[in-house]
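The residues making up each chain are set out below.
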Amino acid sequence: MVRRVSALVTVRLGNDLRSLLRLMSMSVDSLRQRLASGESTDREFIELEGAIDSAFRIGRELIALGEPSPGVRSVVDINELVAQLEGVLTRVLGPEIRLTLRLEATNPIVQAEAVQLEWAFLNLAANSRDAMPNGGSFVVHTTSVDRTVGVPARTQRFIRITVSDTGRGLFGDARSRAFDPFFSTKDGGAGLGLTSVATIVRTFQGWLHIESDGSGTRLHIHLPVLSATSR
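Just so we're clear, the structure is a prediction, and the values are computed from it rather than from any experiment.

Trainee: Describe the overall build of the protein, listing the residues and the values that go with them.
Mentor: Scanning the protein for helices and strands turns up 7 helices and 7 strands. Ordered by position in the sequence, the α and β elements of the protein form the string α-α-β-α-α-β-β-α-β-β-α-α-β-β. Looking at the protein residue by residue over its 231 residues, the buried ones come to 42%. When contacts within the protein are restricted to residue pairs at least 6 apart in sequence, long-range pairs at least 24 apart make up 69% of them. By element, 53% of the accessible surface of the protein is carried by carbon and sulfur atoms, the whole surface being about 12,600 Å².

Next up, the structure:
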């Protein structure tokens, strides 16, 4: 199911990217003509800058949705990865949102691709920023938990990463469809942020669920800890 969703999303993103490239090409032609005639080019520059920003976003989403092969996965320390992202997350969130890191997981080692996980965290930060236009709080909290899995049942250690914000929250249909491709609560179009995050987490044998109410939204990500013998 995850692969089918990824293929669908990739095709849609590819079409969107082609449309943006066509728009950029037309904007360049218009700029060339206006510059030659001495006319104002403000509108064309604004359109071109917007198209370039969107193209970069789509390119990052396509990279994130490409399922990593086992050969490129490595040992990742989740606490270390999040700590290294602190500066970038702060810039993504902006000055009105307070970032807090609570890195409390013990032995937080997973087998994954760091670039994919970084993209997931940045995507979640961007979503939370949009949900808090008047400022608020964004927290990344890591803990270690044991869960019963498999048949026969056995206990396995997981890293739980809880990403929470104090935004407006998701309710009803929005919460139940949060991970659906192209579903968004934003005006002006559909998004793919949570879809790509879910795809990344499941690729690395993890799972996630969302809680949301009037106090904000909490996304819980679980990734299996890499045993010492497997490192």
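Trainee: If you had to explain unusual backbone geometry to someone new, which residues and values would you point to?
Mentor: Residue P152 follows V151 across a cis peptide bond; omega there is 0°. For P152, the location among the structural elements is in the loop between β4 (136-149) and β5 (154-165). Positioned with a positive phi, N107 is a non-glycine residue whose angle comes to about 50°. Mapped onto the elements, N107 comes out in the loop between β2 (97-103) and β3 (109-112). The residue Q205 is not glycine, and still its phi comes out positive at about 65°. With respect to the secondary-structure elements, Q205 resides in the loop between α7 (193-203) and β6 (207-213). When its relative accessible area of 57% is taken as the criterion, Q205 is described as exposed.

Trainee: Which residues make up the pairing of β5, and what values go with them?
Mentor: With 12 bridges connecting them, β4 and β5 associate as antiparallel partners. Each bridged residue has a counterpart across the sheet, and for V145 the counterpart in β5 is F158. Counted between consecutive antiparallel strands, the loop separating β4 from β5 contains 4 residues, among which G150 sits at a positive phi close to 80°. Sheet analysis places β5 next to strand β7 (residues 216-224), joined by 8 bridges and oriented antiparallel.

Trainee: How would you summarise the packing of helix α4 (residues 86-93) against helix α5 (residues 114-131) if you had to cite specific residues and measurements?
Mentor: Closest axis-to-axis distance for the α4/α5 pair is 9 Å, and the angle between their directions is 25°. Relative to α5, the element α4 is oriented roughly parallel. Along this stretch, α4 crosses α5, giving a crossing that reads as right-handed. Across the interface between the two elements, V88, L89, V92 and L93 of α4 pack against F121, L122, A125, A126 and R129 of α5.

Trainee: Talk me through the sheet that holds β6; I want residue IDs and the actual numbers.
Mentor: Pairing is mixed in the open sheet, where 5 strands are placed in the order β2-β4-β5-β7-β6. Looking along the sheet, the strands with just one partner apiece sit at the ends: β2 and β6. Looking at each pair of strands side by side, their axes are set apart by 20° on average, direction ignored. Looking at chain direction, β6 and β7 are connected through 7 bridges and run antiparallel. Within β7, the position partnered with E211 by the bridge is R218. Each of β2 and β4 touches α4; the most contacted strand, β2, lies at about 150° to it.

About the criteria used
- Residues numbered from 1 in each chain as written.
- Predicted model: local features only at pLDDT ≥ 70, side-chain atom pairs only at ≥ 80, totals over all residues.
- Heavy atoms only, no water.
- Helix = DSSP H or I, 4+ residues; strand = E, 2+ residues; numbered from the N terminus.
- Buried < 20%, exposed > 50% of the residue type's maximum accessible area, 1.4 Å probe, protein only.
- Contact = heavy atoms within 4.5 Å.
- Areas by Shrake-Rupley, 256 points an atom, 1.4 Å probe, with all protein chains shown as cover.
- Pairing = 2+ DSSP bridges.
- Axes fitted to C-alpha atoms, helices over the stretch in contact; angles between N-to-C directions.
- Parallel < 35°, antiparallel > 145°, perpendicular 65-115°, else oblique.
- Left-handed = near helix turned anticlockwise from the far one by under 90°.

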